[in-house]
Structure formats: structure tokens, C-alpha cells
Amino acid sequence: RSRTDVQTCTYWGAPVMWDGMFNPQHYDEVYRRQNVTVALTVFAVGRYLDFYLEKFLSSAEQHFMVGQRVIYYVFTDDPDRVPQVKLSAGRSMTVIKVLRHSRWQDVSMLRMKTIADTIDSLIRHQAQYVFCLDVDQEFVGRFGTEALGDLVALFHSYYYHRPKFFYTLDHNPKSAAYVKQGDMYYHAAVFGGTWQQVKTLTQNCYRAIMQDKNNQVEALWHDESHLNKYFWLHKPTKVLSPEYCWASAIGYRSDIHVMRLVWAEKQYSFVRQ
């Protein structure tokens, strides 16, 4: 009842997290007592490394899971150029070299396999929760323990106000990402959960992507389309409001009281070369 102006719960009972709905200190204390570690995965390949990574990491140090144990997993094709960012106590960084694919779409889609493999080999031994974020974003406000959950999705800031017929789900029956009509439209720039749930999600999305490749099909919005299909079949246990990934170009919205993560200025014509 603290937010009567927005949807605060899905029809299957998952909370939708908005400012004013929770006590930040309570959440932080609960998870601090549990001594949890949160893994944050981010891919910075090609020019994305030069344009976005330093700002992403430095802003994460100010706002992401502050006071909690965090391990950054940075996937890049050039580990030597990863910026040196001063990390707080209890926080560390692991840099992992990955191949640079010729198409940015393949970088985006095949990250699913890389995340699943890294969870299996490293993350599951080091962290209880995993968040997977795009690098072309900047933290500007608290992104804290209230976001943790078994399986966490994010309302897409451009679609949360729109009727379902505007959702850009994949309507091609030949694609494994095919959805006739989803519950809502989720943004692939942020997803997470326990390592077990994120491993299952990324493995399933990767298998669906490879199925499409074998059938010479590509989903409308690549890994985001497959992510939306997965969340249609496996409902998230917590949904983050658009505060947790806001596009400033949308302009003023009365229901957005705070911004926690914002899209960086896009330089697609340059960084995707």
C-alpha cells in the first residue's frame, strides 16, 4: 500500500521493487548477517572496454551492494587494458579473457554460455548470488540487497507503461524465442538470482540460441528475446522496477522517484564497428 501509483506485485505473487516499498537498512542487515557474496558479471569487448568499463566499475563501487561482499567478473578480449579501479574492503575483481566475435550480436548472445561456464567453474564456489549487467550503464543511486532474490528480472523502461501489443517479443514460430503474448517485457541489461537459477537460465538461453543458429534463424532482439521466453516459462520470483535501469531519454515520469542505474550515452556507430 506504500505505492498505489504502480504495480507492486505480479499475478503470480512476485514483488515488484519500487522506491518507498522497503527499508534499505533492514535488507542490508539481514544479508550482512548471512555473510553473502554477490557476483557481478559484465562484458567489455572491443571499444565497449574503452568507452564504458571504467565508469561502470567506479560507479558500481559507489552504489552496487554497498557494504556487502562483491566479486566483479569482467569478461574482455584485452585484459591488459582493464582499468585499475580502487575497490572497497571485501570486494575483488576477476578478469577473464574471451574471444571477440565479428558481430556484436554474437557477443551479446554467446555471453550466455560464458556466464554458465563461469558459474560452474568459479562463481558457485565463491558467491551465492549473481547479477549479469550490460557495461554501457552507470550506477547513480542505491542498487542494494533489496534486489536479491532466487530469480530476478527487470521491467524494461520503454515498455512498462505500454499495453502488451507494443511488446517487441519474438513472434516468429521458427525461432526458439517465439512467444505469442508475454506477461510483460523484460530488459536483458539486468538479470540475476542465485547462482543455481542463473546457471539454469543462461544454459537454457544458450541452447535456444544454438537451436536457432542450426535452423538459420535469429531472434528479433537476440539474447533479450530468449530471456523473455525463459521468463514466460519460468516466472521470476522478484521483478525490479525501471528505477533499476532507467533511460533518461524517456524524460519525466511521476512514478520514477529515484534512478539507480541509467543507460549511458549510446555510441553504437562507433563501438559496434
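In the block above lies the structure referred to throughout.
Residues numbered from 1 in each chain as written. Predicted model: local features only at pLDDT ≥ 70, side-chain atom pairs only at ≥ 80, totals over all residues. Heavy atoms only, no water.

Undergrad: Could you give an account of the sheet that holds strand S1 (residues 16-17), with specific residues and numbers?
TA: Spatially, S1-S9-S7-S8-S5-S2-S3-S4 is the arrangement adopted by the eight strands of the open sheet, whose pairing is mixed. Among the strands making up the open sheet, the edge pair consists of S1 and strand S4 (91-97). Here seven bridges tie strand S3 (residues 69-76) to S4, and the two strands are oriented parallel to one another. Across the sheet, the residue bridging to Ile-71 is Ser-92, located in S4. Packing against the sheet, helix H5 (residues 223-233) makes contact with strand S7 (151-154) and strand S8 (190-194), and its axis sits at approximately 125° to S7. (Pairing = 2+ DSSP bridges. Helix = DSSP H or I, 4+ residues; strand = E, 2+ residues; numbered from the N terminus. Contact = heavy atoms within 4.5 Å. Axes fitted to C-alpha atoms, helices over the stretch in contact; angles between N-to-C directions.)

Undergrad: Help me get a handle on the pattern of salt bridges, residues and values and all.
TA: Side-chain pairs of opposite charge can arise where the charged atoms are in close proximity. Within the structure shown, the criterion is met by 16 salt bridges. The closest approach of N and O atoms between Asp-28 and Arg-142, which form a salt bridge, is 3.0 Å. On the criterion of sequence distance, the pair formed by Asp-28 in helix H1 (residues 24-33) and Arg-142 in the loop between strand S6 (137-139) and S7 is long-range, its members being 114 residues apart. Note on Asp-28: relative accessible area 12%, which makes it buried. By relative accessible area, Arg-142 is classed as partly exposed at 25%. Two residues, Arg-260 and Glu-243, come together in a salt bridge whose shortest N-O distance is 3.0 Å. Taken together, the positions of Arg-260 in the loop between strand S9 (238-240) and strand S10 (261-263) and Glu-243 in the loop between S9 and S10 put the pair 17 residues apart, joining distant regions of the chain. When salt bridges with common partners are traced through the structure, they connect Asp-19, Glu-243 and Arg-260 into a single cluster. (Salt bridge = Lys/Arg side-chain N within 4 Å of Asp/Glu carboxyl O. Buried < 20%, exposed > 50% of the residue type's maximum accessible area, 1.4 Å probe, protein only.)

Undergrad: I'd love a proper account of the pairing of S7, names of residues and values included.
TA: Alternating residues of S7 divide into Leu-151 and Ala-153 and Val-152 and Leu-154, and every residue in both groups is buried. Bridge count for S7 against S8 is two bridges, and the pairing is antiparallel. Paired with Val-152 across the strands is Gly-192, a residue of S8. Across three bridges, S7 lies against S9 in parallel orientation. What sits directly across from Leu-154, in S9, is Leu-240.

Undergrad: Pulling in residues and values, what's your account of the nonpolar core?
TA: Nonpolar side chains in soluble globular proteins tend to be buried together. By size, the foremost hydrophobic cluster in this structure holds 44 residues, and its most contacted members are Val-130, Phe-191, Leu-201 and Phe-231. At the level of secondary structure, the elements contributing two or more residues to this core comprise strand S2 (37-43), S3, helix H3 (104-126), strand S5 (129-133), S7, helix H4 (195-214) and H5. In terms of residue count, the dominant contributor to this core is H4 (five residues). Leaving out residues up to four positions away in the same chain, Phe-231 has contacts with Leu-151, Val-152, Ala-153, Asp-183, Tyr-186, Phe-191, Leu-201 and Pro-236. (Core = buried A, V, L, I, M, F, W, Y, C linked by side-chain atoms within 4.5 Å.)

Undergrad: Before we move on, can you summarise the side chain of Asp-212 with the specific residues and values?
TA: Tracing the sequence through the fold places Asp-212 in helix H4. Of the side chains with opposite charge, Lys-229 lies nearest to the buried Asp-212, which makes no salt bridge, at 8.6 Å. A polar side-chain atom of Asp-212 sits 3.4 Å from a polar atom in the side chain of His-226. Asp-212 has contacts with Lys-174, Ser-175, Ala-176, Ala-177, Val-217, Ala-219 and His-226, leaving out every residue within four places of it along the chain. (Lys, Arg positive; Asp, Glu negative; His and termini not counted. Polar contact = N/O pair within 3.5 Å; in protein donor to acceptor, adjacent residues only side chain to side chain.)

Undergrad: Tell me about unusual backbone geometry, and name the residues and values.
TA: Most peptide bonds take the trans form, and the phi angle of most residues other than glycine is negative. If you check the backbone angles, Asn-35 has positive phi at about 55° while not being a glycine. In this model, Met-65 sits at a positive phi of 50°, which is unusual for a non-glycine residue. Along the chain, the position of Met-65 falls in the loop between helix H2 (47-63) and S3. Of the residues examined, Met-65 reaches a relative accessible area of 0% and is grouped as buried.

By themselves, these figures tell us nothing about what the structure is for.
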